[in-house]
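Residue-level listing of the chains:
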Amino acid sequence: MNARLRPNQLKPGEVALSKNGRMNEDGTWQTRKGLSTLFGSITSGANAIRLPYTILSAQRQSNVVTLVLNATPSLSFVPSESFHIDDLDSSVNGTQTLSSVNFTTKTLTFANSGSDTTFTINGNNVGNTSVVSPGTSISTTLNFTLNDNGVNEVFGSAVFSDATSNNDDYIFTATDTTCIILRLKDSALFKCRYVAGGESVDGPVQMVQGLGKMYIFRTNQITLEASPEVQRVDIASASQSGQTITVNATAHGRTANDYVTLTGLGNWTDNPNDCYQIETASTNQFTVKMATSQTTTFNVSGAQVEFFLDFSKVANGTYTAPLYLTDTTTVAQDGVVTMDINNHGLSVGDNLTIQSGTSPFDLFADQKVRVTGAPTVNQFTFNLEVANVSVGQSKSLTVNKPLAIGKGFIHQPAAPWGVVHERRLWLPYWYTSETNPTDRGIRDEIVASDIMDFNTFDVIGNQFRPTAGQSDYLVQLTPFTKDSLVVFNRKSIHLMTGISGSLADVSTNVVTTEIGCSARKTVVQVANQIFFLSDRGIFSVEFLDEYNLRGTGTPISESIQPFIDRINQDYVHLSCGVYFNNRLWIAVPLDSLPGADDATKLNTIIVYSLINGGFESIDTVNSADFAIRELLIGKEGSQNALYLSTEEGGIHKVDGAEGGDVVSLTAGQAIPETINVVSQCTTRQYDADTADRKMFARSELHIKSSDEGLSDGDISFITEDPDSTTSATSISTLLGSTLPASEDSSIRLGVRKRGFGIQTDFKPTAGRPFLRAVKIDARVTDRSTTSIS
């Protein structure tokens, strides 16, 4: 596809426009497959977080109530919409319809019949005073309410690959109050909370898997982490009475408000195998509530309770270096060393250094080990190839954590994103690691964790500033070879080498200062190239050899510059990209016209074919409500597939369905709808290699139906000088019927148009037909007929 050059300058095999199309290896063009839905919209439209306002004064006059608030109301107060009043007066308490809002005087008004009066306010403290909250959900008298069943927006998603299974990939999706998880192989649904419901997500996040954990980076808030392995407990018995399901499972470990997923239950009328939030729980039993009612005792053969543990905060606050830990009764069995230390404060993954010990531990002085288990607060284990030491032969051993090079260690600082490379976690060092992180006011520094310890950062030895304080800021880091890291700034690109071991000798080199990266998630490595989106288009840097990079002076998107000019730069940072199936996929916010600024979300995917060496299509969904959040690659069974998540929480498989896009578009739309894929192919312009005016008499199109269904489409012609477009003629009109599945046809039709050049415009209306070839007969005025194809 080439949209920059004049259409008559295009080469054979190039087209002027490919919309929602695929260019196959045999040289044909075809409408893309549709999106298939694995999971519908999870946003509900209900208020997940409701902010209250105390009322300073309230009065009713002429059937209008005026409220004066103690703070400026938020923009969620919209005239004609509903809001809630508590504990003011029985005549006004409850849901009311807002008439007006004044943000300057902090007043709200609404219509309410009754005598004129000044209402009594019940105090000035939140919790025992009148409270006003937008929305119609359950009222609150707290300083805020988290509604676990309300999801306002999806803020990020990522794929987790379970190392304990060959077939289990999961898509984790971060919403306001819960993380919603979908297992790809069977579309099983799971949920977990943030810090037992005590934390929320309120803005775009990045989710990353590393060291067997899933991390949620929340910009200026403490990062959340979870061990995302499915926990399973066998169900001993289960029954349902009405809506309540009672499950008996020995030592299930769940409490009220935790989430569980029931699997394998049999003998039912309405399927109970689903994800639930626990209503009540005891040691060996819990209850959940189903949407529908039935009375039955379930068959529990093979049935299980499955769940993910809640997210917790990573360690934060003041980093306390541990003292030397000495145990005079250390034992070892089959390579596992067990030490007993009161309140050792260690956790799995912590690094230790052996200082000294009696035989046989004395042979391992200065050797580094890693904590493999911490079953109690007074005991921990690690692996060491040492001779067995039994309880009766217990020996003395002293260990400690390694010391920092500089002023000391810190915990993982708050960050908007992170990259795992060379067994370290690399972060932008923009915020502190305090319990309430503060902004450092620096946007070009990087900090790296210790090896295999994402909670320990040496702020002197492992801290870098590639730009040396120039007017630039960090956008993304991406791994390059085993010993290097590419640093993408907004205006420049740098290469850090020597990062595989000690970071004392890391060197930094400039790759280019001519371009930078404008969207962090568009950085994609393919073979010896790294692609990324910049202000000037889609660029790449190329590996000349194992240790050198070279930037390209011309963007690879130069051929589709008219579309690049339509990217809304105010929202370009949301863009994301991925490499899959020999194609580069980049989702962007594309305006309707250059400078229109009407694209506020990712509404378009630009597809680049590495086989053809050019852009293949501009993909869109035929709805203004469709908003892409992430592009993800996951394994469904034994095959990788490309998925996209949306701001509404839907998870869709790309090129996964015949017959249209099956998508969920709006809040609360759990059941998807099918939307036609609107595709179009406009050929290059044929001018018979002469500037003379021509008479275009006839055209011939070679078209074949796909094996999956019949085909139809509209054919029209666009001429230049004089400019005109013919009325569209359908395949079914020309053939007398639609083109059956797997059948092909050479379709001939008259053109009878004059002009300098002509293009064929093909718009499929049914099926996914292949466009194989186009031929047009042209006759230069007063000359013989010439065929061009």
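Residues numbered from 1 in each chain as written. Predicted model: local features only at pLDDT ≥ 70, side-chain atom pairs only at ≥ 80, totals over all residues. Heavy atoms only, no water.

**Brief notes about the confidence of the model for the protein chain**
Detailed reading of predicted coordinates is not advised where the pLDDT is low.
Thinking step 1. In this model, the protein chain carries a mean pLDDT of 86, and residues with pLDDT of at least 70 account for 89%.
Thinking step 2. Note that residues 45-50 has pLDDT below 50 and, in this model, 33 contacts with residues that lie over four places away or in other chains.
Thinking step 3. Every residue in residues 124-130 is under pLDDT 50, and counting partners more than four places away or in other chains gives 23 contacts. (pLDDT = per-residue confidence, 0-100. Contact = heavy atoms within 4.5 Å.)

**Overview of the pattern of salt bridges**
Thinking step 1. One pass over the full model with this rule turns up 28 salt bridges.
Thinking step 2. Ionic pairing is found between Arg440 and Glu445, a salt bridge with its closest N-O pair at 3.0 Å.
Thinking step 3. Relative accessible area serves as the criterion here: at 26%, Arg440 is assigned to the partly exposed category.
Thinking step 4. On the basis of relative accessible area, Glu445 is assigned to the buried category, the value being 7%.
Thinking step 5. The partner of Asp535 in a salt bridge is Arg490, and the shortest N-O contact between them spans 2.8 Å. One end of the pair, Asp535, is in the loop between strand 49 (529-534) and strand 50 (537-545); the other, Arg490, is in the loop between strand 45 (484-489) and strand 46 (493-497), and 45 residues separate them in sequence.
Thinking step 6. Judged by its relative accessible area of 43%, Asp535 is partly exposed.
Thinking step 7. One salt-bridge network, in which partners are shared between bridges, spans Arg183, Asp186, Arg232 and Glu306. (Salt bridge = Lys/Arg side-chain N within 4 Å of Asp/Glu carboxyl O. Buried < 20%, exposed > 50% of the residue type's maximum accessible area, 1.4 Å probe, protein only. Helix = DSSP H or I, 4+ residues; strand = E, 2+ residues; numbered from the N terminus.)

**Observations regarding the nonpolar core**
Thinking step 1. Among the nonpolar cores identified, the biggest contains 41 residues, and Ile703 and Leu771 are the most heavily contacted of them.
Thinking step 2. Contact partners of Leu771, with chain neighbours within four places excluded, come to Thr28, Trp29, Cys681, Leu701, His702, Ile703 and Phe762.
Thinking step 3. Counting 22 residues, the second largest nonpolar core, distinct from the first, contains Ala158, Phe160, Ala174 and Met214. (Core = buried A, V, L, I, M, F, W, Y, C linked by side-chain atoms within 4.5 Å.)

**Focus on the pairing of strand 34 (residues 351-357)**
Thinking step 1. Of the strand pairs in this sheet, strand 34 and strand 35 (residues 368-376) are connected by three bridges, and their pairing is antiparallel. The residue bridging Leu352 from the neighbouring strand is Val369, located in strand 35.
Thinking step 2. Bridge count between strand 34 and strand 37 (residues 395-400): four bridges; the pairing is antiparallel. Looking at strand 37, one finds that Ser356 is bridged to Thr398. (Pairing = 2+ DSSP bridges.)

**A word on the sheet that holds strand 56 (residues 628-636)**
Thinking step 1. Across the sheet, four strands lie side by side as 4-58-57-56; this open sheet has antiparallel pairing. Taken across any chain shown, the strands that pair with only one partner, and hence form the sheet edges, are strand 4 (34-39) and strand 56. The average angle at which neighbouring strand axes cross in this sheet is 35°, direction not considered. (Axes fitted to C-alpha atoms, helices over the stretch in contact; angles between N-to-C directions.)

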